[in-house]
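# Breakdown of the fold
Residue-level listing of the chains:
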Amino acid sequence: MSTETAASAPSGAAPINSTIPPNPLREGMPEETAPRPAAIIIFGASGDLTRRKLVPAIYNLALSRLLPQGFALVGVARRPKPEFAAEMRENVAKYSRRKPLNDAAWNELAAGISYVQGDHNDPTTFTKLKEELERVDKTRGTAGNRLFYLSVGPDEVAKIVRGLKESGLVVAPSDDPEASYQRVIVEKPFGTNLATAKALNRELLTYLDESQIFRIDHYLGKETVQNLLVFRFGNTIFEPLWSRQHVDHVQITVAEEIGIEGRIDFYEKIGITRDIVQNHALQILTLVAMEPPSSWDANAVRDEKVKVLRTLRPIRGKEVLERTVRGRYAAGTVRGDKVPGYLDELEALRAEKPELSKDSKTETYVGMRLELESWRWGGVPFYLRAGKRLAKRVAEVAIHFKSLPHGLFKDTLGATNEPNSLVIRIQPDEGISLRFATKVPGQGIAVREVAMDFRYGAEFGASTPEAYERLILDAMRGEATLFTRADEVEAQWGFIDPILAAWEKYEAPVANYPAGSWGPTEADGLLVGGDTWRKP
Ligand code: BG6
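The rules behind the values
- Residues numbered from 1 in each chain as written.
- Predicted model: local features only at pLDDT ≥ 70, side-chain atom pairs only at ≥ 80, totals over all residues.
- Heavy atoms only, no water.
- Pairing = 2+ DSSP bridges.
- Helix = DSSP H or I, 4+ residues; strand = E, 2+ residues; numbered from the N terminus.
- Axes fitted to C-alpha atoms, helices over the stretch in contact; angles between N-to-C directions.
- Contact = heavy atoms within 4.5 Å.
- Core = buried A, V, L, I, M, F, W, Y, C linked by side-chain atoms within 4.5 Å.
- Buried < 20%, exposed > 50% of the residue type's maximum accessible area, 1.4 Å probe, protein only.
- Domains from an automatic or database assignment.
- Lys, Arg positive; Asp, Glu negative; His and termini not counted.
- Salt bridge = Lys/Arg side-chain N within 4 Å of Asp/Glu carboxyl O.
- Polar contact = N/O pair within 3.5 Å; in protein donor to acceptor, adjacent residues only side chain to side chain.
- Phe/Tyr/Trp six-rings, centres within 6.5 Å; stacked < 30°, edge-to-face > 60°.
- Lys NZ or Arg CZ within 6 Å of the ring centre and 35° of its normal.
- Near = heavy atom within 4 Å.
- Areas by Shrake-Rupley, 256 points an atom, 1.4 Å probe, with all protein chains shown as cover.
- Nonpolar A, V, L, I, M, F, W, Y, C, P; charged D, E, K, R; others polar.

## Some remarks on the sheet that holds strand 1 (residues 38–43)
Sheet architecture is open: 6 strands sit in the order 3-2-1-4-5-6, paired in parallel fashion. The open sheet terminates on both sides in strands that have one partner only, identified here as strand 3 (113–117) and strand 6 (213–215). Going across the sheet, the axis of each strand differs from the next one's by a mean of 20 degrees, ignoring polarity. The sheet contact formed by strand 1 and strand 4 (residues 146–150) spans 5 bridges and is parallel. In the sheet register, I42 faces strand 4, and the bridge partner there is Y149. Packing of helix 13 (residues 467–477) onto the sheet brings it into contact with strand 1, strand 2 (71–77), strand 4, strand 5 (182–186) and strand 6, and relative to strand 4 it is tilted by some 140 degrees.

Dropping the structure here:
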């Protein structure tokens, strides 16, 4: 854990919204302290992520009084943006989890927002940025501490970090806890395959120390994903059941109703396997399957996660065709709205962008049957699926326990004889639900399945922090537990690469599914032993 504490505000720095009351849910718990003064610099400041997630997250940190008193936010992008702060105000009003916009908090934050226009291929951009950061150090009291957020494509990352290093904007970390820090958050996907991820790691490590690199996977910042660890290792009653002795199979689902949201160029290069499975879905899998770490220390936790990735039995060659299914949404209806298919969207854009492929093999759905080669999990199938334009937005982990060894109530069971299951709902409607058999009141024995349900919303209120809030704050504190280490990201690609290669080599079909369904019917064939996909 971090050892950094709140530093006192330098004179001239405005306290961020000191009138907001503390979080009542944490009453009686130690106060969360703001990190040291710092500037956050976002590369890719004109992009969607900045608009929808990053700036709203920073605003919510300000609103929760979790930003340091010396704080500045500097956007960097190619386009001129004379009204950057005003534009961000509109986005925050629209996308912040807490509404309406609190003017006092926003105005305090906005006083420290500025923008540097420039192309990161041009060295003068870094000169301008350096001048701006020296200015904010003086006027905002940011003390030379810099958190660079690279919200850019994987091909741009190394160039920017090289520019930062060459212009002296990042320097090697010092052992002196009072010395200023420079850290870099790198957005996913980290590389586009194992070779590019390794090359990127190598190059970044020539300019930075590993302790300065924060590879982000925002799923790790979700409360419910973190709660997987608390649920497993903060209780005694579940862990004895968490193995092949009791678990029949596990299903991990990351389903979305949205399509590719105008990101067709990105999707044509990336596909859902690189966009969601390589990172979010595999991260969830590591947390479900890992052994208890020795402590809540960044490396102890990440060591255990890497071990899980190493026990994943590789799927290679023709076996890929049996254990994976890739799909693509066709036109259909999502929540009552008619939506076009992926190829229709592609075709519509081709007039404008003739370089888009006529023979797209991009997958918007993937299903897989995975196995872990370990004493704990040997023989337990882990089914994993991720898809765009599915019936419902839901991310969940379902642990299906073994069937009854002896059907004591088989003649009286009536409609159901379901094995127990435990469903951890990551989003929406965050919570945990345990299903078990119960006697239906009345004469004789009739048995029915019921659910014991814990809902975050009911217990803690609706508005939990967004993943990016937690992760930005952690990076400011130098706390890396919820970020991906170099070997981890390489192990993820090491598993995914052979699947992508085999799809190409064997021209694996891309199965169509209607938008608004639960994916291609071909994916049903992945399940063994009578298992079926859940329809959450
Ligand atoms: C992003 C993907 O990482 O995660 C998007 O690039 C996806 O394609 C998004 O829509 C899903 O995030 P969330 O937090 O809405 O589940």
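## Concerning the nonpolar core
In this structure, F43, W106, L129, F148, F382 and I472 are the most contacted members of the largest nonpolar core, which totals 148 residues. The biggest single contributor to this core is helix 8 (residues 264–289), with 12 residues. Domain assignment of the residues forming this core places at least three in each of domain 1 (3–217) and domain 2 (221–463 + 483–526). Not counting residues up to four positions away in its chain, the partners in contact with L129 are I41, F43, V74, V76, V116, F148, L164 and L169.

## Comments concerning the side chain of R389
If you trace the backbone, R389 turns up in the loop between strand 12 (382–387) and strand 13 (394–401). As a buried residue without a salt bridge, R389 has its nearest oppositely charged side chain in E345, at a separation of 4.7 Å. Of the polar contacts made by the side chain of R389, one reaches the backbone oxygen of E257; its length is 3.2 Å. Filtering out sequence-adjacent residues up to four positions away, R389 remains in contact with E256, E257, I258, G259, Y329, V334, V339, Y513, P514, A515, G516 and S517.

## Some details on the packing of aromatic side chains
Going through the model one piece at a time under the given rule, you end up with 14 aromatic pairs. Relative to F460, the ring of F454 lies with its centre 6.4 Å away and its plane at 85 degrees, an arrangement referred to as edge-to-face. Owing to a relative accessible area of 27%, F454 belongs among the partly exposed residues under this scheme. The exposure class of F460 is partly exposed, given its relative accessible area of 39%. Taken together through their ring pairs, the aromatic side chains of F231, F238 and W242 make up a single cluster. Lying across the ring of Y219, K222 places its NZ or CZ 4.6 Å from the centre.

## Some words on the side chain of Q283
Residue placement: Q283 occurs in helix 8. Apart from the residues lying within four places of it in its own chain, the contact partners of Q283 are D217, L220, K305, T484, E488 and Q492.

## Points about the sheet that holds strand 8 (residues 324–330)
Strand order in the open sheet formed by 9 strands is 16-15-14-13-7-12-11-8-17, with mixed pairing between adjacent strands. A single partner strand is all that each edge strand has here, and the edge strands are strand 16 (447–455) and strand 17 (510–514). Strand-to-strand twist of the sheet, defined as the mean angle between neighbouring strand axes without regard to direction, takes the value 20 degrees. Alignment of strand 14 (residues 421–427) against strand 15 (residues 431–439), held across 5 bridges, turns out to be antiparallel. Bridged to S421 within strand 15 is R435. Packing against the sheet, helix 8 makes contact with strand 7 (247–255), strand 11 (365–370), strand 12, strand 13 and strand 14, and its axis sits at approximately 145 degrees to strand 12. Packing of helix 14 (residues 486–505) onto the sheet brings it into contact with strand 8 and strand 11, and relative to strand 11 it is tilted by some 120 degrees.

## Brief notes about the site of the ligand
By nearness alone, every residue bordering the ligand is listed as K188, H218, Y219, K222, E256, I258, R263, D275, H280, K388, R393 and Q427. Here an oxygen atom of the ligand and a side-chain polar atom of E256 are 2.5 Å apart. Calculation on the ligand without its partners gives an accessible area of 400 Å², and the protein chains cover 83% of this total. Per-class residue counts for the shell around the ligand are 2 nonpolar, 3 polar and 7 charged.

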